[in-house]
Amino acid sequence: MAARDRIVFALDVGDLAEARMWVDRIGTRVGWFKVGLELFSAAGPEVVHLITSSGLKCFLDLKFHDIPNTVAGAVRSAVRLRAHMMTVHISGGREMIRAALTAGRQESEALKIPRPKIIGVSVLTSLSQDDLSGLGVGRPLREHVGGLVELACEEGIDGIVCSPADLPFVREKVPRTAVIITPGIRPAWSEKGDQKRIATPSSAIQAGADLMVIGRPISRAQDPAYAIEKIVEEIESSRP
Ligand code: C5P
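The paragraphs below set out a description of the structure included in this document. (Residues numbered from 1 in each chain as written. Predicted model: local features only at pLDDT ≥ 70, side-chain atom pairs only at ≥ 80, totals over all residues. Heavy atoms only, no water.)

Some details on the overall build of the protein
Scanning the protein from terminus to terminus reveals eleven helices and eight strands. In terms of overall size, the protein behaves like a compact globule, its C-alpha atoms giving a radius of gyration of 17 Å where 240 residues would be expected to give roughly 18 Å. In terms of overall dimensions, the protein has C-alpha extents of about 45 × 40 × 30 Å along its principal axes. For the protein, the proportion of its 240 residues judged to be buried stands at 52%. Element-wise, carbon and sulfur atoms account for 49% of the exposed surface of the protein, whose accessible area totals about 11,200 Å². (Helix = DSSP H or I, 4+ residues; strand = E, 2+ residues; numbered from the N terminus. Rg over C-alpha atoms; globule rule 2.2 N^0.38 Å. Buried < 20%, exposed > 50% of the residue type's maximum accessible area, 1.4 Å probe, protein only. Areas by Shrake-Rupley, 256 points an atom, 1.4 Å probe, with all protein chains shown as cover.)

Structural data, given as structure tokens:
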């Protein structure tokens, strides 16, 4: 995989005009554009069209979590939008994951387009051990993350999102055919912002990350294009 294809730019903006500005500005310098709940709730399918009609790849990070039938429908809609990758909560259960994967396969076959990647989210990094206990989860957080990752991999999930800190133990559970995506990336030269458990691009690659979600180190840089090129260089010089 080319170094720049490992970069997922987080389009953390509130409207279509700003999203368009970033897509025009960054274009093919990165492999992916990530659309989350804020931007999708504001701009809807049009933002996905904006990305894909420019020949770029869209990671639709809406973290689907519902009954299997509803998630299957959401996946079909996202495939029709031509999203290339999308997220589901693994805690939605085995049946839900299976339904998502089946829907992705069937809809892409019907449309004769490449099958989208369905990516599993394990435990949100905003949740602590106490939060999990409050939700009735008895096992330690790390064990819970591991258990969810194993379940998703048994069902044939296409990838996992995890924090850089969890990369070593997640990597050993995930087959090489599946991708591991990590946020919380901070090159040594960038501001930490509110990210606490962070990794540099090179340490994330060395720990087994395939793709890295990067927002502010690019968007807040004086020269975003130059920031991307520096990250690309760092990735190139740090093969796993
Ligand atoms: O600006 P920054 O590089 O911190 O952006 C990281 C992106 O990754 C944001 O879209 C954020 O929502 C997402 N993310 C994260 N930490 C997680 C999960 C997702 O920062 N644990």
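Following the structure, the description resumes.
A closer look at the pairing of strand β5 (residues 117–121)
The element β5 is extensively covered by neighbouring structure, given that four of its five residues are classed as buried. Pairing between strand β4 (residues 85–89) and β5: five bridges, direction parallel. Within β5, the residue paired with Met86 across the bridge is Ile118. Pairing of β5 with strand β6 (residues 159–161) involves three bridges; the strand directions are parallel. (Pairing = 2+ DSSP bridges.)

Here's the deal with the site of the ligand
Neighbouring residues of the ligand: Ala10, Asp12, Lys34, Thr125, Pro183, Arg186, Gln195, Val213, Ile214, Gly215, Arg216 and Pro217. Between the ligand and Lys34 there is a distance of 3.1 Å, counted from an oxygen atom to a side-chain nitrogen or oxygen. Between an oxygen atom of the ligand and a side-chain N or O atom of Arg186, the distance comes to 2.7 Å. Taking 460 Å² as the accessible area of the ligand by itself, protein coverage stands at 76%. (Near = heavy atom within 4 Å. Polar contact = N/O pair within 3.5 Å; in protein donor to acceptor, adjacent residues only side chain to side chain.)

Things to note about helix α5 (residues 94–111)
With 18 residues, α5 should reach 26 Å at 1.5 Å per residue; the first-to-last C-alpha distance of 26 Å fits that figure. Residues of α5 that are buried include every one of Met96, Ile97, Ala99, Ala100, Leu101, Ala103, Gly104, Glu107 and Ser108, and no others. On the buried face of α5, the contacting elements are β3 (57–64), α4 (68–80), β4, β5 and α7 (141–154). Looking one or two residues beyond α5, the residue adopting positive phi is Lys112, at roughly 55 degrees. (Expected span 1.5 Å × (residues − 1). Contact = heavy atoms within 4.5 Å.)

A word on the environment of Leu151
Tracing the chain through its elements places Leu151 in helix α7. On a C-alpha basis, the gap between Leu151 and Ile97 in space is 9.4 Å, while along the polypeptide they are 54 residues apart. With residues up to four places along the chain from it excluded, the contact list for Leu151 reads Ile90, Arg94 and Ile97.

Describing the packing of aromatic side chains
Applying the stated criterion to the full structure yields two aromatic pairs. Ring geometry for Phe9 and Trp22: centres 5.4 Å apart, planes at 50 degrees, overall tilted. Taken together, the residues Phe9 in strand β1 (residues 7–10) and Trp22 in helix α1 (residues 16–26) connect sequence positions 13 residues apart. For the pair Phe9 and Trp22, a shared accessibility class is recorded, and that class is buried. (Phe/Tyr/Trp six-rings, centres within 6.5 Å; stacked < 30°, edge-to-face > 60°.)

Quick look at the layout of surface pockets
There is about 1,100 Å³ of room inside the largest pocket. Around the largest pocket, the lining is made up of 41 residues, and of these Asp12, Lys34, Pro183, Gln195 and Val213 lie nearest the centre. Every element with two or more residues in the lining of the largest pocket is listed here: β1, α1, α2 (37–43), β3, β8 (211–214) and α10 (216–219). Looking at the lining of the largest pocket residue by residue, the class counts come to 18 nonpolar, ten polar and 13 charged. Trp32, Lys57, His84, Arg115 and Pro116 are the residues nearest the centre of the second largest pocket, which is lined by 15 residues in total. Among the residues making up the lining of the second largest pocket, the classes are represented as nine nonpolar, one polar and five charged. (1 Å grid on protein atoms, 1.4 Å probe; cavity = no way out; pocket = protein on both sides within 12 Å on 5 of 7 lines; lining within 4 Å. Points joined across faces, edges and corners; volume = space filled by probe spheres on them. Nonpolar A, V, L, I, M, F, W, Y, C, P; charged D, E, K, R; others polar.)

With respect to the packing of α1 against helix α3 (residues 45–52)
At a minimum axis distance of 10 Å, the contact between α1 and α3 shows a crossing angle of 15 degrees. Compared by their axis directions, α1 and α3 come out roughly parallel. Once α1 is placed against α3, the crossing between them reads as right-handed. On α3, the residues touching Leu16, Ala19, Arg20 and Val23 of α1 are Glu46, Val47, Leu50 and Ile51. Of the residues in the contact of α1 with α3, the class split is six nonpolar, no polar and two charged. (Axes fitted to C-alpha atoms, helices over the stretch in contact; angles between N-to-C directions. Parallel < 35°, antiparallel > 145°, perpendicular 65-115°, else oblique. Left-handed = near helix turned anticlockwise from the far one by under 90°.)

Points about the packing of α4 against α5
The geometry of α4 relative to α5 is characterised by a closest axis approach of 8 Å and an angle of 30 degrees between their N-to-C directions. The chirality of how α4 crosses α5 is right-handed. Residues Pro68, Val71, Ala72, Val75, Arg76, Val79 and Arg80 of α4 pack against Glu95, Met96, Ala99, Ala100, Ala103, Gly104, Glu107, Ser108 and Leu111 of α5. For the contact of α4 with α5, the residue count by class is ten nonpolar, two polar and four charged.

So far we have only geometry, and geometry alone does not tell us how the molecule works.
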